[in-house]
Amino acid sequence: MRIFEKAFRVIQQLEQDGYDTYLVGGAVRDYLIGKDVGDLDIATSATPEQVMEVFDKVIPIGIEHGTVLVRFENESFEITTFRTEGAYSDHRHPDSVNFVTDVAADLARRDYTVNAIAMARTGELVDPFHGRDAIEKKELVTVGKAFDRFQEDPLRMMRGVRFVSQLGYKLDQDARKVMEDERLWLARIAIERVSIEMEKLCSGKDVKIAVQLLHDTGLWEALPIFKDHPDLMSELAEKIEPLHSLAEWVALCSLLSERPVLEWVKEWKLSNAIKQDAQHLVRILQSDLDAWAVYQMPVHLDDGYCRLVKIYKDKDMQDSVASIRKLLPIRNSSELSISGNDLISWFPDRKKGSWIRDLLLAAEKAVVENKIPNKKEQLKEWVIHGYDT
Ligand code: ATP
Ligand code: MG
């Protein structure tokens, strides 16, 4: 429990002032399972104002929902006041949040029993919904009736499938049945929230089973673009292996659906960074793997590219990409030994214009393809005499 030492000191500070405080959520679950623990969430009977009185550095990140961020010994901890929730009529946030002082009431609002265990500073567990039994049985059981909990917040269906992917657990019968019957509830959820779950889903070790589940339950019918391609989810289920990012997922979906990355990014409201990475990946997957293609792909995408070629073309390219990359004479255009100013000085009579960019690009490509060494003198020769021929 050494990973929790600092969190336990945070908890101790709140307890000293008389507030009941626990570690909750994914960290407790993952610790009990024996998996690597992610972010540490703390829940307390103190109100956000009271938490702010206990610590010096507090950022009110979601104060209306009871959440503040505390900086403690150079680390950040999210501390949320015990609460119960009203309905989610905007499908983003609950309409009302009631702060409560009883940890069991807070655990009751949580989605799955494995996520509804609190751990005290002593290591003692508060587990009113038998989350440990569910861990033992490797089962995802909703806290309370699945119908009610999914109706309240349909994202929980998607989260369920995400946990299937990450944990390798089974959904319990009841939850699975409600998902099948009420799958279209998911379409009401703000797509940004769904995207966050999809990102975690696509990198889970059991992603194949999870994607098959999205197909079998019909949840795909509530997902943008998938809903227009009835065969896409099952085709994905057949091919997919664990990915490392949403960009890889989008690239694969774009190739299989023959719908441009741009559409996926728009419909799923994804970031510019994801768009660019996915576009790079699609471009290189559709081209031949040569020096120019590898050069143009940012190096952080090499592994993702290899994962996708394996899935999409059933080829192992790990060594090829690595060896092509290793032999590249330059890594980016700033390493080219000539510049726009050189070109201008070599062609003093030409009016400035797009020819400069075109010529630089041609020189860059020639260097990358090893047609000419990256030496100023030789490039000058080539530019002046050899470029057009
Ligand atoms: P991860 O390891 O990916 O962070 P997590 O279980 O911690 O998984 P979070 O989204 O960080 O997931 O949420 C923290 C906790 O808050 C969950 O464990 C769960 O108890 C609760 N929770 C999160 N989202 C919901 C939801 N939509 N409905 C009910 N409870 C939720
Ligand atoms: Mg978490």
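Structure: above.
Residues numbered from 1 in each chain as written. Chains lettered and ligands numbered in written order. Predicted model: local features only at pLDDT ≥ 70, side-chain atom pairs only at ≥ 80, totals over all residues. Heavy atoms only, no water.

Undergrad: Go over the overall build of the chain, please, and point to the residues and values.
TA: Broken down by element type, the chain carries 20 helices and 11 strands. By the compact-globule yardstick of 21 Å for 389 residues, the chain is too spread out, its C-alpha radius of gyration being 27 Å. Dimensions along the principal axes, computed over C-alpha positions, put the chain at roughly 80 × 50 × 35 Å. Across the 389 residues of the chain, 49% fall into the buried class. (Helix = DSSP H or I, 4+ residues; strand = E, 2+ residues; numbered from the N terminus. Rg over C-alpha atoms; globule rule 2.2 N^0.38 Å. Buried < 20%, exposed > 50% of the residue type's maximum accessible area, 1.4 Å probe, protein only.)

Undergrad: Could you give me a rundown of the nonpolar core, with the residues and numbers involved?
TA: Of all hydrophobic cores here, the largest spans 122 residues; its most connected members are L23, F55, M198, F226, L236, W249 and Y305. Leaving out residues up to four positions away in the same chain, M198 has contacts with M158, L214, L223, F226, L246, W249 and W268. (Core = buried A, V, L, I, M, F, W, Y, C linked by side-chain atoms within 4.5 Å. Contact = heavy atoms within 4.5 Å.)

Undergrad: Let's hear about the site of ligand 1: which residues, and what values?
TA: Near ligand 1 you find 17 residues, and of these R29, N115, D153, R156 and R162 are the closest. G26 is positioned such that a nitrogen or oxygen atom in its backbone is 3.1 Å from an oxygen atom of ligand 1. A distance of 2.8 Å separates an oxygen atom of ligand 1 from a polar side-chain atom of R162. Protein coverage of the free-state accessible area of ligand 1, which is 590 Å², stands at 81%. With respect to the detected pockets, ligand 1 is housed in the largest pocket. Where the shell around ligand 1 is concerned, the elements lending two or more residues are α2 (26-33), α7 (155-167) and α9 (191-202). Tallying contributions element by element places α7 first for the shell around ligand 1, with 4 residues. In the shell around ligand 1, the residues fall into 1 nonpolar, 3 polar and 13 charged. When residues of the shell around ligand 1 are assigned to domains, at least three fall in each of domain 1 (1-137) and domain 2 (152-242). (Near = heavy atom within 4 Å. Polar contact = N/O pair within 3.5 Å; in protein donor to acceptor, adjacent residues only side chain to side chain. Areas by Shrake-Rupley, 256 points an atom, 1.4 Å probe, with all protein chains shown as cover. 1 Å grid on protein atoms, 1.4 Å probe; cavity = no way out; pocket = protein on both sides within 12 Å on 5 of 7 lines; lining within 4 Å. Sits in = over half its atoms within 2 Å of the grid points. Nonpolar A, V, L, I, M, F, W, Y, C, P; charged D, E, K, R; others polar. Domains from an automatic or database assignment.)

Undergrad: Tell me about the packing of aromatic side chains, residues and numbers included.
TA: Considering all chains together, one arrives at 11 aromatic pairs under this definition. With a centroid separation of 6.2 Å and an interplanar angle of 90 degrees, the aromatic rings of F55 and F72 are classed as edge-to-face. Of the two residues, F55 is situated in the loop between α3 (48-54) and β3 (58-62) and F72 in strand β4 (residues 67-72); the sequence distance between them amounts to 17 residues. Exposure class is identical for F55 and F72. Each is buried. When the ring of F147 is compared with that of W185, the centres are 5.1 Å apart and the planes differ by 70 degrees; the resulting orientation is edge-to-face. Taken as a pair, F147 in helix α6 (residues 146-152) and W185 in the loop between α8 (173-181) and α9 lie far apart in primary sequence, 38 residues in all. For F147, a relative accessible area of 34% corresponds to the partly exposed category. Exposure remark for W185: the relative accessible area of 10% places this residue in the buried category. One aromatic cluster in this structure is built from F226, W249, W264 and W268. Directly above the ring of F347 sits R350, whose terminal nitrogen or CZ lies 4.4 Å from the centroid. The ring of W355 has R350 sitting right over it, with the charged end atom 4.8 Å from the ring centre. (Phe/Tyr/Trp six-rings, centres within 6.5 Å; stacked < 30°, edge-to-face > 60°. Lys NZ or Arg CZ within 6 Å of the ring centre and 35° of its normal.)

Undergrad: Account for the pairing of strand β5 (residues 75-81), naming residues and giving values.
TA: On a regular strand, one side chain projects to one face of the sheet and the next to the other, so that they alternate. Relative to β5, strand β2 (residues 41-44) runs parallel, the two sharing 4 bridges. Looking across to β5, one finds that I42 is bridged to I79. Two elements, β4 and β5, share 6 bridges in a ladder whose sense is antiparallel. Pairing of T67 across the sheet is with T80, part of β5. Where β4 folds back on β5, the antiparallel hairpin that results is connected by 2 residues, among which E73 adopts a positive phi of roughly 45 degrees. (Pairing = 2+ DSSP bridges.)

Undergrad: Any chance you could break down the environment of L223 for me, citing the residues and the numbers?
TA: Mapped onto the fold, L223 is located in the loop between α10 (207-217) and α11 (232-239). Put simply, L223 and L184 are 39 residues apart on the chain and 8.9 Å apart in space, counted from C-alpha to C-alpha. Not counting residues up to four positions away in its chain, the partners in contact with L223 are L186, V194, M198, M233 and W268.

Undergrad: Could you give an account of the packing of helix α19 (residues 354-368) against helix α20 (residues 376-386), naming the residues involved and the relevant values?
TA: With their axes 11 Å apart at the nearest point, α19 and α20 run at an angle of 125 degrees to one another. The angle between α19 and α20 places the two elements in the oblique class. In this structure, the crossing between α19 and α20 has a hand that is right-handed. Note on element contacts: α20 touches α19 through L379, W382 and V383, opposite L359, A362, A363, A366 and V367. (Axes fitted to C-alpha atoms, helices over the stretch in contact; angles between N-to-C directions. Parallel < 35°, antiparallel > 145°, perpendicular 65-115°, else oblique. Left-handed = near helix turned anticlockwise from the far one by under 90°.)

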